[in-house]
Every structure is written in C-alpha cells, then in structure tokens.
Amino acid sequence: MTEWTIVPWGDVEGDVPTVPPELDQLAEQVISRYDMRVQERTLITTKPDKGGAIWKILTDKGPRSLKVLHRTPPRSLFSVGAQEYLVNKGARVPALIPNRDGALCCECGGKLWIVTDWIDLTPASKVDLEGAQALCYGLGEFHRHSQGYMPPAGAERASRLYGYEKQYMKILEKISWFRVIAATYSDHPASRRLLGIVDKYEQQARDALHTLQNGPYPALIERGEAAWGLAHQDYGWSNGQQGPGGLWIIDLDGVAYDLPIRDLRKLITSTMHDMGVWDLTWMRGMIDAYNQANPIEPELYQMLLIDMAMPNEFYKHIKEIVFEPELFLNDPQTAALLDHLEATDATKWAALKELGAVIQTAPSDFKPRYLIHTATAASAHAANRSHSHAVPSPQYAGLASPPPAAAPTKSRADSKTPAAPKTPAASSTPANPKTPAAKTPAIPKTTAAPKTPAAPVPSAANSPSLDLPDIPSLLDALDLKNFKPKTAKTSSKKSAPPRPKPLSMPDKRPFTVSNRTKRPDESLKQRRAYIEFTARALIQAANQPLTPDPRIQKLVEALINQPRKEKK
Amino acid sequence: MNILMIVTEKLPVPPIRGGAIQTYISGISEGLSRHHSLTILGRTDPELPDSETVGRIRYERIPGGNFDLYREGVEAFLKDRSYDLIHIFNRPLMVETVRRAAPHARLILSMHNDMFLPGKIAPEQAALAIQEVERIVTVSDYVGRAICDDYPQAADKLRTVYSGVDLARYRTGSSSRQIREQLRREHGLTGKKVVLFVGRLSPKKGADMLVRAMYPLAKKHPDAALVIVGGRWFSDNSISDYVAYIRALAARAPLPVISTGYIDAAQIHHWFWAGDLFVCPSLWMEPLARVHYEAMAAELPILTTSRGGNPEVIEPGRNGLIIETPEQPDEIAQKISELLSNPAKMKAMGQYGRRLAEQKYGWERVVADILSVWK
C-alpha cells in the first residue's frame, strides 16, 4: 500500500483551516500507533504552503496535541531531539509522548509526527512592558536550558551560528538592488523617496558588517555550537505564552544552533518597529528581564547591539520590492511604510548609544569581503553540508548513539576551541581573552525597576538582581575540584541508560551543571566546554552585574552623600 | 599502469546529472583508458549500476552525497585493492584517507576550484595533502596562484591543465545554421544581434549587470537582444529574490531580454549557435568557466571579466575582449557596443576562437597533458 506523501496543498492559511482528506487519514494512522483513545480531534492550525498542521486531540489520557512537521525528517529530528532535551532539563516546553514502540516521533507520509501534552496557554500582554518582559524572561530560560544540546543520530545539524557574516553581506548586497530598482522604476514618488534614503541604510549595513568582523563575534563563535545552545528562530507572542508555572514555549520546529541574541534581537527590534520608536525603557526592561534568566556576558551584549544596528527592519520590509516593483512602489502603504521606517530610525541611534553600542564606521574604501574563516567554521561547513545518510528510524527512541562519522571533522573543531584550563578552577583566566572592562559598554542603567515575573528578591547587600541560587553553592555544585575528566579508560561502554519515562510535568529542579542530565556519549571536550562556559557566565554575573540593582545604587549614593562626621 | 580516478561525492560519472568536473572526466576518460588500465570511482546513482565496464573503463560506485560517508566508502574500497596511481578530483580532504589506505600509490590531485580556502579546509589538512601528492593539477593558473598564496610550499607541484570541449558537437556548419535560424525565429530574434549569457543565475555570475548594460546599449544598438540561458526563470513562482531582481530589471529594459529557463546539456550547444556575442560577466574570482571553451568552439567572439582564471583563455583583440570592472554596467555596454559595431571583427574573432579551440582546447590535448603528468 503506497502511502500518500505529504506536500504543500495551497496558499497561506485562509479563514478556515482545512487539510486534504489524505492527511486526515494519515493522522488517524499515526494516532493508532499511540496508546490512547481519541474521543475528538480538532484541527487548530495549518501551514498549507509548507505542509504542516496541528490538531488538538481529546484522549483518555488527557488533552494532547498532534502535529505533522513540514520539514524533512532529518531536519525535524533535530527539533524533536531538542524538544526532548529541553523537557528533560526542566524547561516549560510541552513534553513529547512516546508511542507504543517507545518512540518520540513517527514517520508517516514522508514526514515526522509528534504527540505532546496539550498545555492551556494565554498570550502575554502585548501592550505593556510586563508582557514583553515575561516573554524575554521565558526566552532566557529557554536558551539557558538549550545549552549543551547534541542532536540524535540521523538528525540534520541545523545551525545559524556561523552565518552572521554571510547574512550581513547578503543584506548589504540586496540593499544595493533596492537602489537600482528605485532608479529603474523612477517614475513613482515612492521610488524617489526610497532613492533618497537608501544610501543611509546601506551605510548602516556597511558599518554593522565592519563591526561584526572586527568585534567580538569571531571569538564568540569559536566556542562552538553546543556551548551556545539553540535559538528558537520564530519567537514571539504566539510561540511564547503564559501557562502553568510561567512562560511556555511552543513550536520548536525551526530551532537551530545560534547565539542566543538572535531571538532577543528580533523580539526587541520588531517591538520597536511596531511601536514606531526605539524606547529605552522598553529595551532596557526587556534586556534586563532576559538577563535575569540567562545572564548576558559583555561580548555577547555587544553582539546584541551590533545585530540591532544592522538595518534589519528596513531590509525586511523593503525586500519584497524585487518581486513586483510596480505594485510595491504604487501601493499607498509603501509611502506610509517609508514614513514609519524613517520616523523609527530617527530614534534608533541615540537609544543604541545609550545602551552602550560601539559601532565602528566602515572606512570609505571598505570593500565587503568574507573575512571570518575559522577552523571551527570550516568543519561547521562540512557538518552543515552533511546530512546523515541514515533515514531516521521510526523507532527513534530518544538520544541514542553519538553523532555519526561526521564527528571526526567536528572534533577537530572542538580541539580548536580554546582549550579548557588544565585545572578547571574558578579563578583561572578563561582561555578566551576577555576584553578589559574599559572596552565593554557602560552598564546600561535600569530606570525604575520593572516588575519581573517570579523573580525572588535577593538581599540587597550582596547579590545582584539575578535569579540564580547563590554563587558559592553553585560553584560547589560544579564540583570543579573533584572533577575527573572522562578519559578513554573511564568512559563507559556500559549499556545505554534506560529510556526516561514519559514526563507529564517538567522537572522543576533548579538548573545546575550537576543536575543537568548526563549522557554516556558526552565527550570530555563537550563537558569541559560546557562547564567552562557556565563557570565563566557565573563568574561574570558575580563580578560584574550587567544590570546593577538600583537599591545598591541608592545605598552607594547615600553612603557618598552622608554628612561628614566631625573630627573629635 | 593500474590507475584509479576518484570523483567527488556530489555527482555521478558519466555526467548524467551535469557537473563541470564530471564533464571533464568524461571528456578524457576514454582517451586515457587507451594507455592505462583505468577505474573510475564515483557516487552511486539510481540510474547507474554500482559496477560496470564500459569499453576499457571500469566504473565503481559507492554511496555519496555526504562527504564523510563517501570518504568511508573510499577507504573501504581501497582496502583490498591496489593501484599504481590514484588521481583524486577536487577533494584535498580525501588525500589523507587515500594515502593511509594506499601507502605506496602515487597520488595526483586535480583542483577545479577553491577547496583549499581556509574556510573549507584546516591548514594542517591542507599541508598534509600538498605534501602527500606528487602533483596538483589545476584548471587555470589562477587556481594554482590562489593555492600558492595560502600554501607557498605547493609551488613546485602545481601544473595547469586547461579543460576542453567537445569540438565536434559545437562545430558550425549548414545544420547548425538551420537550427540557429529556427531558434531565433521561435524567440522573435530574427535580425537581432544576440548577446548570449549561459550560466546559473546567482549574484556572483553577474547576469544582473549584463541586463543593466542593455539600458545604455539600446541607443547605439536598438537591434540588440539579450538571451539568458540557464536557471529557473521568470514565470516560475518559486524564484529566488535574485531572479526576481533580474526579472524586474529585464521588464523595463529598452531591449528584449529573453530567458530560456533550464536547457538540457544535450541541447545547450543549439543556443551557442543562435547567439552572436558571448558574454561572461562573472563578478567573482571564477576558476575558469567551461562556457568559454564552448563559445570558442561555436565560433563566438567572447567578452569576459578579468576575474579569476577567465582572462587566461582570452587573447585580447583576437578571440575576445576583457571587461575590467564588471560592476559598471556602462563598461560592459561600451565593450559590447564596440564589438557589435564591427561585425567583420566579430566574425574574425569567432573564427580565430574556433581555431584556438581546435589547437588547444580539444579533449585530446587534455588527455595528452594528463598522460604526461602521470608519466
């Protein structure tokens, strides 16, 4: 019996979502592979242009979600593995339900399907800063939990970590197309307007590219993909919503290795665009909330600012000009769009400056070229090119053996990442030379301390406003003194651990390295890199809080200003 | 000698799915097999058997697509076999594996593009590859220079062996003229001076610059037309934004700009026959595009850029001209205009180009070069 292959069936979803009857049949087939009786199946949403759909199913085991993932199975497997990893870490991400064979996903119709818990969610408020902060805080949790992720065998390695230079180059190139099109279709008022402003945005892109190449980015990516973890890639008010215990994150289809600032930057800049103004209070509030969940080290913070300096919003909204220039240029909405972009941009640079952005001006003879060739990137190219040849087994039973033979290239890259100090001690200088404090941006000052969700109030005297267990006990938990590197002899060839039981509610233990799920396939380099990274983040947080507690500031001011004691 | 040629993991040989490297190998393998016992190791393909002998050539095919997978297969393949000489195509990363599996074989490496760039291969791997091979054969002096820039130790081992073209297929005559007239009629090009572009539609190939050049060209040559052969085209819904960009430029051009869409390798010489002037507006440091040989073999004068290896096959003023700054559509237009204004010169250039191709760029010459490298 040949199975119907799932392919896109139409344009972007209209008012009433529908699916082809064949897809319904496949859904029934998939359901039969699970140990549950479905009383009702309701279509919730579809992506007809991609071939994706989600149903809510009422079962004898409670409400669940059934989803067909539209990407290729090896690519989807990367996301499924990520979802399981995150759930095991304690993230607020719906848990995957295993089918009768114990697999966390099924292949049917040439695509992967998953069943997860159904979580009742409400969107965070879009109109006030608190809502945005809730989103940012949840995002920070997500990123933090995702660190150390390694995809299962058969998964395509999805990564955007090394792609910033290429992306910036492409945007720069395409902005020049806008100029040519505006000049070619010059008989519209919008063209003249666009011609008048495109040089400015092009210069912004040049500056951002120049700063990217000469800034912290090359050093940051040397740490490698697993150390940084994943970005959601499609984060916003629909994919981050309030639920039991806090902010839940759904729709992990597109997750990929990346710097965490990717999601945060997109969230901030799209919010600023929607608001029509770069609002410092909002930006600081959002960054602060994120920082509470996942501390941002200075270089990464600078990277966030560089990515904000890139004229992403201009590019994103104008790029459709190439498809139907006449329509675009004649559309009255385009004139309004240009107004909006210009008005917003006018407020951008003062705000970025306040936040401490240091954007270098590209010299006038700057020729955009690819400059960032690291050995890590070289093997990453190789890794990204390689799809595992193995078709993902429908019996996918969780994180199994280590990544396939593509590994030799990758481990060369691992050896290129700065070697962990021989005695992993909290006091040793991290291998990556840190820019001295003078060069890092001035710590952004929070204004009125915004209400951050679920943040325990630390004692004002000695800890910054960061939601972490106290530092000394955390360093103990790292157990660095007694850390025994796993050598070839001690690495276990024991049988794989028993598959974790399906989780109904995520484990809520606080995140520490020692609490983190250990896996037998975890290499020494992997563990070292991860521990080093976490340790540095903690040290950073302890020594140089990004957002000083305003109560400490008040205390310091009071101490400075108190009247001098009279000498007796 | 007992010789093994290792093709890349990407496309099969014979070139049923295209590929410049694959075309190169297929052009020379028959000639080489007359002098040596030749085995060609390549990737599997649903339409090709895993093992076959065609004429004097033995074809062996192992799973490809993914380089690491393919490399494993190469290692396994070499386990119980022995060759006097192993000729690896465009994969310096393969050298280490092959050397380990065949410690006594002579190794030759053919480089067709930038696989030695720092972003593609770690320095130690590159140095090892250079050390283990006897010779590095490149498709242009430019490729050799680029390797030397990063790895000066390679200098002594480099040797340029230009690629070739099927001279018989591209030869013009009465039947080619018939096809020419027919194609031109079908596309409304009768009586036009046809400027021809053949290649992929990606920004670095510069097709957009060529379309822009049509604007200033129109005044002096209102009977010119541009034909773009290759790639997805204008009517396709899922075109990339670059193709949409070209389409937008073409829509307002004062001269006709025609796209043919994808043309099969077996038919593409028809378009060379239909054209009058061949232009390669590549912006990037191109190793050396095959289309130059094809244009020469079809008796077309050539306008190419000073990028990469492309200028190496041009004798300026004799078989073509060189564009110094292809980012300036005005310069492209000016050089096109210079040629279109002088039909006699164009004809002489085309004929000279054909003679040049017959002398230097036939597959026999490439075979002779490779044989001398192997000696």
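Per an unreviewed UniProt entry, chain B goes by Glycosyltransferase family 4 protein and derives from Tumebacillus lacus.

By the naming in an unreviewed UniProt entry, chain A goes by CotS family spore coat protein and is assigned to Tumebacillus lacus.

**Q** Just checking my understanding: could you explain the confidence of the model for chain A for this structure?
**A** Low-confidence regions, as indicated by low pLDDT, have predicted coordinates that should not be scrutinised in detail. All names here are of chain A. Model confidence for chain A is summarised by a mean pLDDT of 76, while 65% of its residues fall at 70 or above. Note on residues 381–523: pLDDT is under 50 here. Beyond four places in sequence and across chains, it has 227 contacts. Scored below 50 in pLDDT, residues 564–568 shows zero contacts in the model against residues more than four places distant or in partner chains.

**Q** Mind showing me how you'd approach the UniProt feature "domain: Glycosyltransferase subfamily 4-like N-terminal" (unreviewed entry) in chain B here?
**A** In the numbering used here, UniProt assigns the "domain: Glycosyltransferase subfamily 4-like N-terminal" (unreviewed entry) feature to residues 22–169 of chain B. In the segment residues 22–169 of chain B, helix accounts for 39% and strand for 24%; the C-alpha atoms at its two ends are 18 Å apart.

**Q** Even after reading the chapter, I still don't get the pairing of strand β1 (residues 38–47) of chain A, so can you show me in this structure?
**A** Within a regular strand, the side chains alternate between the two sheet faces. All names here are of chain A. As paired strands, β1 and strand β2 (residues 52–59) are joined by eight bridges and run antiparallel to one another. From the neighbouring strand, Leu43 faces β2, where its bridge partner is Trp55. Taking the residues between adjacent antiparallel strands as the criterion, β1 and β2 are bridged by four residues, where Gly51 takes a positive phi near 100°.

**Q** Just to check I follow, could you spell out the nonpolar core for this structure?
**A** The nonpolar side chains of soluble globular proteins are, as a tendency, buried together. Ranked by internal contacts, the top residues of the largest apolar core, which has 231 residues, are Leu196(B), Leu226(B), Leu277(B) and Ile336(B). If we skip the residues at most four places from it in the chain, Leu196(B) touches Val227(B), Val229(B), Trp271(B), Gly275(B), Leu277(B), Phe278(B) and Val279(B).

**Q** Looking at this structure, I do not really get the domain arrangement of chain B. What am I missing?
**A** Interfaces are often described in size by the accessible area the parts lose on coming together. Residues and elements named next belong to chain B. The domains assigned to chain B are domain 1 (2–161) and domain 2 (167–360). Relative placement of domain 1 and domain 2: their C-alpha centres are 32 Å apart. Contacts between the two partners involve ten residues from domain 1, matched on the other side by seven residues from domain 2. Contributing elements (two or more residues each) for the side of domain 1 that touches domain 2: α1 (20–33) and α5 (141–150). Among the elements that take part in the side of domain 1 that touches domain 2, α5 stands out by supplying three residues, more than any other. Its residues placed into classes, the side of domain 1 that touches domain 2 shows four nonpolar, five polar and one charged.

**Q** Would you mind showing me how to read the packing of helix α3 (residues 129–146) of chain A against helix α9 (residues 280–293) of chain A here?
**A** Geometry of a packed helix pair, given as the angle between the helix axes and the separation of the axes. Residue and element names in this part refer to chain A. Direction vectors running N to C along α3 and α9 enclose 35°, while the axes themselves pass 7 Å from each other. Between α3 and α9 lies a crossing whose hand is right-handed. Listed contacts from α9 to Leu129, Ala132, Gln133, Cys136, Tyr137, Leu139, Gly140, Glu141 and Arg144 of α3 are Thr281, Trp282, Gly285, Met286, Ala289, Tyr290, Gln292 and Ala293. Broken down by class, the residue content of the contact of α3 with α9 amounts to ten nonpolar, five polar and two charged.

**Q** Is there a simple way to think about the sheet that holds strand β9 (residues 246–249) of chain A in this case?
**A** The strands making up a sheet associate through backbone hydrogen bonding, with each pair oriented either parallel or antiparallel. Residues and elements named next belong to chain A. Strand order in the open sheet formed by three strands is β6-β8-β9, with antiparallel pairing between adjacent strands. The sheet is open, and its two borders are formed by β6 (122–123) and β9, each paired with just one other strand. Direction of pairing for β6 relative to strand β8 (residues 240–243): antiparallel, over a ladder of two bridges. Across the sheet, the residue bridging to Pro123 is Gln241, located in β8. Where α3 meets the sheet, its contacts fall on β8 and β9, and the angle it forms with β9 comes to roughly 60°.

**Q** Could you clarify how one ought to interpret α3(A) in this entry?
**A** What sets the pattern is the α-helix's 3.6 residues per turn: residues three or four places apart point alike. Taking 1.5 Å of rise per residue, 18 residues should cover 26 Å, and α3(A) covers 26 Å from first to last C-alpha, within 8% of that figure. A large share of α3(A) lies buried, amounting to 15 of its 18 residues.

**Q** Before we go on, may I ask you to explain unusual backbone geometry in this structure?
**A** Glycine aside, residues mostly have negative phi angles, and peptide bonds mostly take the trans form. All names here are of chain B. Residues Val13 and Pro14 are joined by a peptide bond in cis, for which omega reads 0°. On the secondary structure map, Pro14 appears in the loop between β1 (2–6) and α1. A positive phi angle is found at Asn90, which is not glycine, with a value near 60°. Its location among the elements puts Asn90 in the loop between β5 (85–89) and α3 (92–101). Residue classification places Asn90 among the buried residues on the basis of 22 C-beta atoms within 10 Å. We note that Glu299 has phi near 65°; this positive angle belongs to a residue other than glycine. By the secondary structure assignment, Glu299 is in the loop between α11 (291–297) and β13 (302–305).

**Q** It is not clear to me how the sheet that holds strand β14 (residues 320–323) of chain B should be interpreted in this structure. Could you clarify?
**A** Residues and elements named next belong to chain B. If you trace the six strands from one edge of the open sheet to the other, you get β11-β10-β9-β12-β13-β14, paired in parallel fashion. Two strands bound the open sheet, and with one partner strand each, they are β11 (257–261) and β14. Across this sheet, the average inter-strand angle for adjacent strands is 20°, counted without regard to direction. Note: strand β12 (residues 277–280) against β13, three bridges, orientation parallel. Looking at the pairing, Val279 lines up with Leu303 of β13. Packed on one face of the sheet, helix α12 (residues 329–340) meets β9 (193–198), β10 (224–229), β12, β13 and β14 and runs near 165° to β14.

Parameters and conventions
Residues numbered from 1 in each chain as written. Chains lettered and ligands numbered in written order. Predicted model: local features only at pLDDT ≥ 70, side-chain atom pairs only at ≥ 80, totals over all residues. pLDDT = per-residue confidence, 0-100. Contact = placed C-beta atoms within 7 Å. UniProt positions renumbered as here; feature names shortened; annotations may be inferred. Helix = DSSP H or I, 4+ residues; strand = E, 2+ residues; numbered from the N terminus. Pairing = 2+ DSSP bridges. Core = buried A, V, L, I, M, F, W, Y, C linked by C-beta atoms within 7 Å. Buried ≥ 20, exposed ≤ 12 C-beta atoms within 10 Å, placed from the backbone. Domains from an automatic or database assignment. Nonpolar A, V, L, I, M, F, W, Y, C, P; charged D, E, K, R; others polar. Axes fitted to C-alpha atoms, helices over the stretch in contact; angles between N-to-C directions. Left-handed = near helix turned anticlockwise from the far one by under 90°. Expected span 1.5 Å × (residues − 1).

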